[in-house]
Amino acid sequence: MGKDEWIHDFRREMKFVSLFAGIGGFDLGMEKSGFTCVGQVEIDPYAMKVLRKNWPSVPKHDDVKTLEVKEFQYPDIVVFGSPCQDLSHAGKRSGISGEKSSIFFDAINYIRLLQKQTNFEYPKFVVWENVLGSFSSNGGKDFEAVLKSMVGDSISMPTGGWKKNGDYSGVAFGPKGSAEWRAFDSQYFGVPQRRRRVYLVYNPSGESAGEILLEQEKLRIHPENSRKKAKRASTKFEEYPSNPIELDKTSFFSINWQASAHQSLMVDTEKTGPLDTSQVKAVYSEKIQEIRKITPIEAERLQGFPDGWTSEISDTRRYKLLGNAATVNVVEWIAKRIKNKLKQ
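Since the model is a prediction, treat every value here as computed from it, not as a measurement.

Draft legend 1. Just the sheet that holds strand β1 (residues 15–19), in detail. If you trace the 9 strands from one edge of the open sheet to the other, you get β3-β2-β1-β4-β5-β9-β8-β7-β6, paired in mixed fashion. Either end of the sheet is taken by a strand with one partner, and the two such strands are β3 (60–61) and β6 (163–164). Where strand β4 (residues 77–80) lies against strand β5 (residues 125–131), 4 bridges are found, and the strand directions are parallel. Note on β5: the bridge partner recorded for isoleucine 77 is phenylalanine 125.

Laid out in structure tokens, this is it:
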């Protein structure tokens, strides 16, 4: 299908496949932007319970290593946030070749097979999300490997690393297409959480590098009232039966709830630190001077999920899987820009 035919046929359903789907942060953000999920891959049985509840009719597969293209409809978009334990500053930093993060290349293998079996008609775009540690693990060589696996072997890390002018963003071109990347902070997308993650958009055609994530006026992505929006969002806290929180007197702490000492408490009057798999965040009421853990529902709200999204699994599992998820609001913003690009 040529470009003109694609534009003419745009009224058809736009589809995506979600690899390493987790609890569906990518999936929900994509659907809110008008895309339809036609396949989900997830190996964690607890995450799969959440997916089955929220997408009961979507085909599923448990392991990207054994995924075949024929199992799902051909997707316009492939999205994935591959496991990041080997790339994270909090992890062992064994890099993209580590036991968990190396399955990134299994995702790339699926994408290449999809291209081959559709004569390079699909996918139109690929979206990848990961921790900022992917820029620095193995001295920056891991992110170089990510780019090479997508656009081709002509890419090398810039002198001085991937950070430019105090931020992580850029474009790359190669024989297999183009890629653009940028670090986004969830607090600027309507949730009260400081959560910086790298998002990369790969275009096999190479025609749109810099047109999805990057803008001539960078501040357009951070509207002037974005911080106010984040502050309003921070008031959506559950009321405990005995001591309800004063909604206009809420502060946040980043704290390992199991820690015996509180010397490392970080206070922010508007938003939490990033949800992760090793810490449970706390909320503090100035009026009653009481600290308590945030509830699973509050953790869902911090990631942009509806209340009760993960209710069928234990609280411990809910905290962990929510900490691993992509923020729904960020994905929705990116997906809308991809959709607009496809319409051009």
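Next, the rest of the story.
Draft legend 2. Summary view of the nonpolar core. Counting 43 residues, the largest nonpolar core has Ile23, Phe35, Ile77, Tyr199, Ile334 and Ile338 as the members making the most contacts within it. Residue assignment for this core shows that the elements contributing at least two residues are α2 (25–32), α3 (45–54), β4, β5, β9 (196–203), α7 (296–302), α8 (315–324) and α9 (328–343). With 7 residues, the single largest contributor to this core is α9. Not counting residues up to four positions away in its chain, the partners in contact with phenylalanine 35 are Met14, Phe16, Met30, Ile77, Ala335, Ile338, Lys339 and Leu342. Counting 38 residues, the second largest nonpolar core, distinct from the first, contains Val17, Val151, Tyr168 and Ala183.

Draft legend 3. Structural context of helix α4 (residues 104–117). A rise of 1.5 Å per residue sets the reference length of α4, with its 14 residues, at 20 Å; its end C-alpha atoms lie 20 Å apart and thus fit the reference within 8%. Turning to α4, the residues buried within the fold contact β1, β4, β5, α5 (141–151) and β9. Just past α4, the residue asparagine 119 takes up positive phi, approximately 55 degrees.

Draft legend 4. Main features of the pairing of strand β7 (residues 167–174). Two strands pair when backbone bridges link them, and β6 and β7 are joined in this way by 2 bridges, in the antiparallel orientation. By the bridge assignment, lysine 163 is partnered in β7 with tyrosine 168. Between the end of β6 and the start of β7, which pair antiparallel, lie 2 residues, with asparagine 165 showing a positive phi angle near 50 degrees. Sheet topology places β7 next to strand β8 (residues 177–185); 6 bridges connect them, and they run antiparallel. Pairing of glycine 170 across the sheet is with tryptophan 181, part of β8. The hairpin turn running from β7 into β8, its antiparallel successor, is 2 residues long.

Draft legend 5. Region of the structure containing unusual backbone geometry. With omega at -5 degrees, the peptide bond leading from tyrosine 122 into proline 123 counts as cis. Along the chain, the position of proline 123 falls in the loop between α4 and β5. Of note in the backbone geometry, phenylalanine 20 takes a positive phi value of approximately 50 degrees without being a glycine. Mapped onto the fold, phenylalanine 20 is located in the loop between β1 and α2. On the accessibility criterion, phenylalanine 20 (16% relative accessible area) is buried. Residue asparagine 119 is not a glycine yet carries a positive backbone phi of 55 degrees. Residue placement: asparagine 119 occurs in the loop between α4 and β5. Asparagine 119 gets classed as exposed once you look at its relative accessible area, which sits at 66%.

Scoring rules and cut-offs
Residues numbered from 1 in each chain as written. Predicted model: local features only at pLDDT ≥ 70, side-chain atom pairs only at ≥ 80, totals over all residues. Heavy atoms only, no water. Pairing = 2+ DSSP bridges. Helix = DSSP H or I, 4+ residues; strand = E, 2+ residues; numbered from the N terminus. Core = buried A, V, L, I, M, F, W, Y, C linked by side-chain atoms within 4.5 Å. Buried < 20%, exposed > 50% of the residue type's maximum accessible area, 1.4 Å probe, protein only. Contact = heavy atoms within 4.5 Å. Expected span 1.5 Å × (residues − 1).

By themselves, these observations are geometric and do not establish any function.
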